[in-house]
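Here's the letter readout for the chains.
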Amino acid sequence: AGGALLALKAYTLWFFFGLLGLHHVYLGRPRAALRACLTLNYLGLGWLYDGISLPLRAQALRLSLAPGAAGEGGVDEEGDAAAVDETSREDASLARALAAALCRAAAFC
């Protein structure tokens, strides 16, 4: 259920703010968001591509945030303990919170 809600929020941001790349911020991809914003998401072509690839990106984010995920304190394919990068996890949480707040604010406009 959490993955479906994550995808729904990402699609909402994509539909209304996709040309500005806000869905990329929500999905923890700030560089892609900047590129999308500076190019109006490649003059709309990136917007269409993102609409198609959004379920895969939402699933990748959901899996990376799952407890025990490799790269987030879990165990990678070789069985080695992966280091936790708290800064990137906090940055991604902050980006998602900002995107969610902007989405709520847009709903009231």
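J.: So what exactly am I meant to see when it comes to the confidence of the model for the protein here?
T.: Low-pLDDT stretches of the model should not have their predicted coordinates read in fine detail. When pLDDT is averaged across the protein, the result is 77; 66% of the residues are at 70 or more. Taken as a whole, residues 72-85 scores under 50 in pLDDT and shows 21 contacts with residues more than four places along the chain or in a different chain.

J.: Honestly, the packing of helix α3 (residues 30-43) against helix α4 (residues 45-65) in this entry has me stumped. Any pointers?
T.: The description of two packed helices rests on the angle between their axes and on the distance between the axes. At a minimum axis distance of 3 Å, the contact between α3 and α4 shows a crossing angle of 80°. Classified by the angle between their axes, α3 and α4 sit roughly perpendicular to one another. Only L45, G46, W47 and D50 of α4 make contact with α3, whose side of the interface consists of N41, Y42 and L43. Looking at the contact of α3 with α4, its residues break down into four nonpolar, two polar and one charged.

J.: Just to check I follow, could you spell out the side chain of N41 for this structure?
T.: Position of N41 relative to the elements: it lies in helix α3. N41 gets classed as buried once you look at its relative accessible area, which sits at 2%. In this view, N41 contacts G18, L19, H23, A36, G46, W47 and D50; residues no more than four positions away in its chain are not counted.

J.: What am I meant to see in the nonpolar core here?
T.: Where a protein is soluble and globular, its nonpolar side chains tend to be buried together. Residues L6, A10, L13, Y26, L27, L54 and A58 are the most contacted members of the largest nonpolar core, which totals 14 residues. Mapped onto this core, the elements with two or more residues apiece are α1 (2-17), α2 (22-26) and α4. Here this core takes five residues from α1, the largest share from any one element. If we ignore the near neighbours within four places in the chain, the residues touching A58 are L6, A7 and L27.

J.: What exactly am I supposed to notice about the side chain of H24 here?
T.: Its location among the elements puts H24 in helix α2. There is a polar contact of 3.4 Å between the side chain of H24 and the side chain of H23. Apart from residues no more than four positions distant in its own chain, H24 is found in contact with R29, A32, A33, A36 and D50.

J.: Looking at this structure, how should I read the environment of R57?
T.: Tracing the chain through its elements places R57 in helix α4. With a relative accessible area of 27%, R57 lands in the partly exposed category. Distance in space between the C-alpha atoms of R57 and L27 is 7.3 Å, their sequence separation being 30 residues. Every residue in contact with R57, bar those within four places of it in the chain, is listed here: L27, R29 and Y49.

J.: Where do I start with the packing of aromatic side chains in this structure?
T.: What describes a pair of aromatic rings is the distance from one ring centre to the other and the angle between the planes of the rings. Enumeration over the complete set of coordinates arrives at five aromatic pairs. Aromatic side chains F15 and F16 sit 5.1 Å apart centroid to centroid with 90° between the ring planes, which places their arrangement in the edge-to-face category. With a centroid separation of 6.4 Å and an interplanar angle of 50°, the aromatic rings of F15 and W47 are classed as tilted. On the criterion of sequence distance, the pair formed by F15 in helix α1 and W47 in helix α4 is long-range, its members being 32 residues apart. Of the aromatic side chains, those joined through ring pairs into one cluster are Y11, W14, F15, F16 and W47.

Scoring rules and cut-offs
Residues numbered from 1 in each chain as written. Predicted model: local features only at pLDDT ≥ 70, side-chain atom pairs only at ≥ 80, totals over all residues. Heavy atoms only, no water. pLDDT = per-residue confidence, 0-100. Contact = heavy atoms within 4.5 Å. Axes fitted to C-alpha atoms, helices over the stretch in contact; angles between N-to-C directions. Helix = DSSP H or I, 4+ residues; strand = E, 2+ residues; numbered from the N terminus. Parallel < 35°, antiparallel > 145°, perpendicular 65-115°, else oblique. Nonpolar A, V, L, I, M, F, W, Y, C, P; charged D, E, K, R; others polar. Buried < 20%, exposed > 50% of the residue type's maximum accessible area, 1.4 Å probe, protein only. Core = buried A, V, L, I, M, F, W, Y, C linked by side-chain atoms within 4.5 Å. Polar contact = N/O pair within 3.5 Å; in protein donor to acceptor, adjacent residues only side chain to side chain. Phe/Tyr/Trp six-rings, centres within 6.5 Å; stacked < 30°, edge-to-face > 60°.

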